[in-house]
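Coordinate inspection notes
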Amino acid sequence: MEVNGQLALTVLMGLFLVAVAAWLARVENWRSYTPVAGGGAFGQKDSYGSEEKPSGVIRWLTTVDHKDIGILYGAYGLIAFAVGGLMVVVMRIELIDPGMSLISNTFYNSLLTSHGITMLFLFGTPIIAAFSNYLVPLLIGADDMAFPRINAIAFWLLPPAALLIWAGFFPLPDVIPAQTAWTMYTPLSTGAGAGNQANAGVDLMLLGLHLSGVSATMGAINFIATIFTERGDDVSWANLDIFSWTILTQSGLILFAFPLLGSAIVMLLFDRNFGTAFFSGEGGAILWQHLFWFFGHPEVYILVLPPMGIVSYVIPRFSGRRLFGFKFVVYSTLAIGVLSFGVWAHHMFATGMDPRLRASFMAVSLAIAIPSAVKTFNWITTMWNGRVRLTTPMLFSVGFVSNFIIGGVTGVFLASIPVDLVLHDTYYVVGHFHYVVMGAIAFAGFSGLYYWFPLYTGRMYQKTLGKAHFWLSMIGTNITFFAMILLGYGGMPRRYATFLPQFATLHQLATVGALLLLVGQIIFVWNFVQSWLEGPEIEDGDPWNLRQSGLYTAEWDWFDQKQQTAIADGGDPDDETALTDGGHVDEPADDRSDA
Amino acid sequence: MANKIFDRDTLLDLTVNVVPLFIIAFFVVAFAVLSPFGIDPLASSIQFGLLAVPFVLLAILTYFAGRAVAGSEQSGEVYLPGQAGVRGAKPLEEDHGPAAIDPESTDDAPEVEGDGEDDADGDAEDDADGDAEDDADGDAEDDADTKDA
Ligand code: HEM
Ligand SMILES: [Cu+2]
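How each quantity is defined
- Residues numbered from 1 in each chain as written.
- Chains lettered and ligands numbered in written order.
- Predicted model: local features only at pLDDT ≥ 70, side-chain atom pairs only at ≥ 80, totals over all residues.
- Heavy atoms only, no water.
- UniProt positions renumbered as here; feature names shortened; annotations may be inferred.
- Donors = N, O, S within 2.8 Å, 3.2 Å for Na, K, Ca; no water.
- Contact = heavy atoms within 4.5 Å.
- Buried area = accessible area lost by both parts, 1.4 Å probe.
- Salt bridge = Lys/Arg side-chain N within 4 Å of Asp/Glu carboxyl O.
- Polar contact = N/O pair within 3.5 Å; in protein donor to acceptor, adjacent residues only side chain to side chain.
- Helix = DSSP H or I, 4+ residues; strand = E, 2+ residues; numbered from the N terminus.
- Near = heavy atom within 4 Å.
- Nonpolar A, V, L, I, M, F, W, Y, C, P; charged D, E, K, R; others polar.
- Buried < 20%, exposed > 50% of the residue type's maximum accessible area, 1.4 Å probe, protein only.
- pLDDT = per-residue confidence, 0-100.
- Core = buried A, V, L, I, M, F, W, Y, C linked by side-chain atoms within 4.5 Å.
- 1 Å grid on protein atoms, 1.4 Å probe; cavity = no way out; pocket = protein on both sides within 12 Å on 5 of 7 lines; lining within 4 Å.
- Points joined across faces, edges and corners; volume = space filled by probe spheres on them.
- Expected span 1.5 Å × (residues − 1).
- Bend = angle between axes of the 7 residues up to and from the residue.
- Phe/Tyr/Trp six-rings, centres within 6.5 Å; stacked < 30°, edge-to-face > 60°.
- Lys NZ or Arg CZ within 6 Å of the ring centre and 35° of its normal.

Under the annotation held in an unreviewed UniProt entry, chain B carries the name DUF6684 family protein and is attributed to Halobellus rarus.

With an unreviewed UniProt entry as reference, chain A is termed Cbb3-type cytochrome c oxidase subunit I, source organism Halobellus rarus. Under the heading Subcellular location (unreviewed entry), UniProt records this for chain A: "Membrane". Under Sequence similarities (unreviewed entry), UniProt gives the following word-for-word description of chain A: "Belongs to the heme-copper respiratory oxidase family."

1. Quick word on the coordination of the iron atom of ligand 1
Looking at the iron atom of ligand 1, one finds just one donor atom contributed by the protein, His432 of chain A (NE2), at 2.1 Å. A separation of 4.5 Å is found between the iron atom of ligand 1 and the copper ion (ligand 2).

2. Side note on the interface of chain A and chain B
Residue-level contacts link 69 residues of chain A with 62 residues of chain B. Taken over both partners, the interface formed by chain A and chain B buries close to 5600 Å², and the fraction arising from carbon and sulfur atoms is 61%. Here Lys327 of chain A makes a salt bridge to Asp13 of chain B, at a shortest N to O gap of 3.3 Å. Summed over the shared surface of chain A and chain B, the result is twelve residue pairs in polar contact (both at pLDDT 80 or more).

3. Thoughts on the side chain of Ser447 of chain A
Residue and element names in this part refer to chain A. Residue position: Ser447 is located in helix H15 (residues 427-451). At 2.8 Å, the side chain of Ser447 and the side chain of Ser397 are in polar contact. Among all residues touching Ser447, those that are not within four sequence positions of it are Val314, Pro393, Phe396 and Ser397.

4. Quick look at the UniProt feature "domain: Cytochrome oxidase subunit I profile" (unreviewed entry) in chain A
Within the UniProt annotation, "domain: Cytochrome oxidase subunit I profile" (unreviewed entry) is assigned to residues 60-545 of chain A. The span residues 60-545 of chain A shows a helical share of 71% and a strand share of 0%, and its end C-alpha atoms are spaced 32 Å apart.

5. Topic: the site of ligand 1
All names here are of chain A. Around ligand 1 sit 22 residues, and of these Val300, Asp420, His424, His432 and Arg494 come closest. Here an oxygen atom of ligand 1 sits 2.5 Å away from a polar atom, N or O, in the side chain of Asp420. In this structure, His432 approaches ligand 1 through a side-chain N or O atom, which is 2.9 Å from a nitrogen atom. Of all the elements in the fold, those that place two or more residues in the shell around ligand 1 are helix H10 (284-317), helix H13 (392-415) and H15. Within the shell around ligand 1, the residues separate by chemical class into twelve nonpolar, seven polar and three charged.

6. What about the environment of Phe324 of chain A?
All names here are of chain A. Tracing the backbone shows Phe324 in the loop between H10 and helix H11 (326-339). The exposure class of Phe324 is partly exposed, given its relative accessible area of 29%. Along the sequence, Phe324 and Trp379 sit 55 residues apart, while their C-alpha atoms lie 7.1 Å from each other.

7. Some remarks on the pattern of salt bridges
Using the criterion set out here, one finds nine salt bridges over all chains in the structure. A salt bridge links Arg356 of chain A to Asp354 of chain A; the nearest nitrogen and oxygen atoms lie 3.0 Å apart. On the accessibility criterion, Arg356 of chain A (11% relative accessible area) is buried. The network of salt bridges with shared partners includes Lys327 of chain A together with Asp13 and Glu73 of chain B.

8. A closer look at the coordination of the copper ion (ligand 2)
All names here are of chain A. Bound to the copper ion (ligand 2) on the protein side are His297 (ND1), His346 (NE2) and His347 (NE2), at distances that span 1.8 to 2.1 Å. Using a relative accessible area of 16% as the deciding quantity, one classes His346 as buried. Its relative accessible area of 24% is what places His347 among the partly exposed residues.

9. What to know about the confidence of the model for chain B
All names here are of chain B. Taken as a whole, chain B shows an average pLDDT of 67; of its residues, 60% reach a score of 70 or greater. Per-element averaging of pLDDT across chain B places helix H4 (residues 122-126) at the bottom with 36 and helix H2 (residues 41-75) at the top with 91. In the predicted assembly, ipTM is 0.80 and pTM is 0.82.

10. A short note on the nonpolar core
Residue and element names in this part refer to chain A. Ranked by size, the top nonpolar core spans 187 residues in total, and within it Trp245, Phe400 and Trp452 carry the most contacts. Element by element, the count of residues in this core is highest for helix H5 (residues 105-140), at 19 residues. In this structure, Trp452 is in contact with Phe131, Leu135, Ile310, Tyr313, Glu555 and Trp556, ignoring residues within four places of it in sequence.

11. Overview of the confidence of the model for chain A
Residues and elements named next belong to chain A. With 89% of its residues at a pLDDT of 70 or more, chain A has an overall mean of 88. In this model residues 31-50 is a low-confidence stretch, pLDDT under 50, and it forms 38 contacts with partners more than four residues away in sequence or in other chains. With pLDDT under 50 throughout, residues 569-595 is counted as low confidence; its partners more than four residues away or in other chains account for 49 contacts.

12. With respect to the UniProt feature "transmembrane region" (unreviewed entry) in chain B
Residues and elements named next belong to chain B. With numbering aligned to this structure, UniProt lists the feature "transmembrane region" (unreviewed entry) at residues 12-34 and 46-65. Between the end C-alpha atoms of residues 12-34 the distance is 32 Å, and the span holds 100% helix and 0% strand. Here residues 46-65 runs as 100% helix and 0% strand, with 28 Å between its end C-alpha atoms.

13. Considering empty space enclosed by the protein
All names here are of chain A. One pass over the full model with this rule turns up eight cavities of 30 Å³ or more. Its boundaries defined by the atoms lining it, the largest cavity holds a volume of some 190 Å³. Lining the largest cavity are 19 residues, with Tyr73, Thr125, Ala129, Ala216 and Ile254 sitting closest to its centre. If you tally residues by element for the lining of the largest cavity, the top one is H5, at seven residues. For the lining of the largest cavity, a count of residues per class yields eleven nonpolar, eight polar and no charged.

14. Quick notes on H10 of chain A
Residue and element names in this part refer to chain A. Taking 1.5 Å as the rise per residue, H10 with 34 residues should run 50 Å; its terminal C-alpha atoms sit 51 Å apart, in good agreement. By the largest-angle criterion, Trp293 marks the main kink of H10, which is about 30°. Of all 34 residues making up H10, 27 are buried, and the element is well covered by its neighbours.

15. Some details on the packing of aromatic side chains
All names here are of chain A. By the definition in use, this model includes 61 aromatic pairs over all chains. Taking 5.0 Å as the distance between ring centres and 70° as the angle between the ring planes, the aromatic pair formed by Tyr451 and Trp452 counts as edge-to-face. Note on accessibility: Tyr451 and Trp452 belong to one class, buried. In this arrangement the basic side chain of Arg317 is found over the ring face of Tyr313, its NZ or CZ atom lying 4.4 Å from the centre. We note Arg547 situated over the ring of Tyr552; from NZ or CZ to the ring centre the distance is 4.1 Å.

Here it is, written out as structure tokens:
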């Protein structure tokens, strides 16, 4: 009886999917997506930029303009940053004292899991996409992304992904949050054993993660296509700016890494729900770790390369000189891209794998430190003897360099097998990667948010608040995460809701640092929102005085032109005039019905 | 034979990736000579595969990237990165175009191997002095600009 019911449901679902496919095939002229096969010279060029945008919410729901989508990504990323940040504040308060019982241990584990996933997948990747969507087309002289609608779809997959990932926290009957940590190690995450991880909350989280991966992959394909095919006539490979280079490399990494994560997640879901035994049989746990880290290590570079691009872009503008060794930075970015796929098992040194393999992973991990170090030296040399202007974006970029050095050096230590065997799974590791993800990646994000603030808001932020934000973040980061490094040396294991009394002082320090960070971010939110609404309007297209030092770039030129045309009316200035692309030869052969 | 694309300058730029290649090569040799954990057909071939694959892929990518960048440097105007789209932007002073045209070798597919290192012939030298990234000494040093925000 039951089996029949399920069968019927399955058949029904199948029919439904077929119906959806049929409907999609009818409703949309798929030909129009392939300009080569479709006959007519159809590009996105004449159809999007010049259209009048609807007003209000509808505009944001329907937009395919890369700049609007960039802002959507940015808003999304910052909301996720707030959620993930508040989660960790609760955790840090719980860790003020070993006996603290603000939250239960299981809830601590839930917060830990969600904090990691939220920050990496819902804040990190989207905030980078915010910059790349807004800026890459402007920087390379394209009218928009190569596939504007895929761009919009990629973004709109993210809100449901967040709802799924956070589903366990919502008051749904019988659904509890995942407690697998972001690495989702099996057998815990297969739901095996007497724990509670067979719960549907874990399935929903996995589905959400999968969805965010689909989104990232769609975005990556779009960027690769855009940067390869939509560059303006003058923007040859030799003229491509550093940020676009890092986005191109990042997109390549996403393209190879995220589908693998997707497959592994599907296998895990099958193990959990359909009785397969990919990860529960012998060697299953190791298989998961290999699959996960083959994605996971490239993922950390997916997150760090574009921020490196932002910093490489910002530092020269406020040092009054060109980026030192521009091509070194480009080639080392590419090197990191390739090598990041050859180091994954440095996360698994302690698993007892064959020492020969382990040695090879160590060798490549040491090799990948070189391109990272090269960049660091380039940033420092760029500032050396330059006329440094310590504006807020510059401060955040310098902070990036400083924190990245600590994060990188601790990483190189971890890459050495004997050191790792001592420090693995301690707070040292937590300190290491937070120096990079918070101290560097988030800092670069703020650097970019401040640097381009006039560009996307037309206004200027309040500089005193910006600097307060910086200093609180810088000091908070270093207190929190240096304390963690010391905790790790002391042997404090990671992922615990409590600790032995001897670790109390350092844990309290870390909590104080986290609270400083919280205050800093509150100031940021205030500054950001208030300045966006009421900040002084920017009148000229060169708010940073870049023309003087000959470092003016294409996105500001676009902005300048927008400023000039915007005087005429209150509406959106026509982007068509923004960049003299020269590449517009398309006849208006738009045979599509409006879509 | 003169190498049009991989001139001395480009090779110099690419050294940044030669260093990690060298480190990997070093370990290949070290593991082969010392083999501290013995040789086992399966484990050892994976061991060397894990080094060889990134090595080869990095070498290939470096080659193609270098060719794309240096090639477009010679075939078109070179601007400061990010400035090509700026209205009225001027290309960087040195003209890569004519200087790089070498009458002797027009049909050769560019190759980096073999003839690269010793290829310091005159015409490559000409444009070796003023790349965007080389003269990083602040040309805007004197016009003071302390605008802050
Ligand atoms: C300079 C190059 C780097 C090296 C050699 C390096 C090395 C390592 C090693 C060996 C581990 C494993 C430690 C352990 O669990 O025992 C590790 C962990 C980690 N690293 Fe790095 N790292 C580097 C850069 C980065 C960067 C740039 C990021 C972030 C963007 C990053 C993020 C992480 C994360 C998230 C973990 C912890 C994963 C986990 O267990 O949850 N690392 N790193
Ligand atoms: Cu790693």
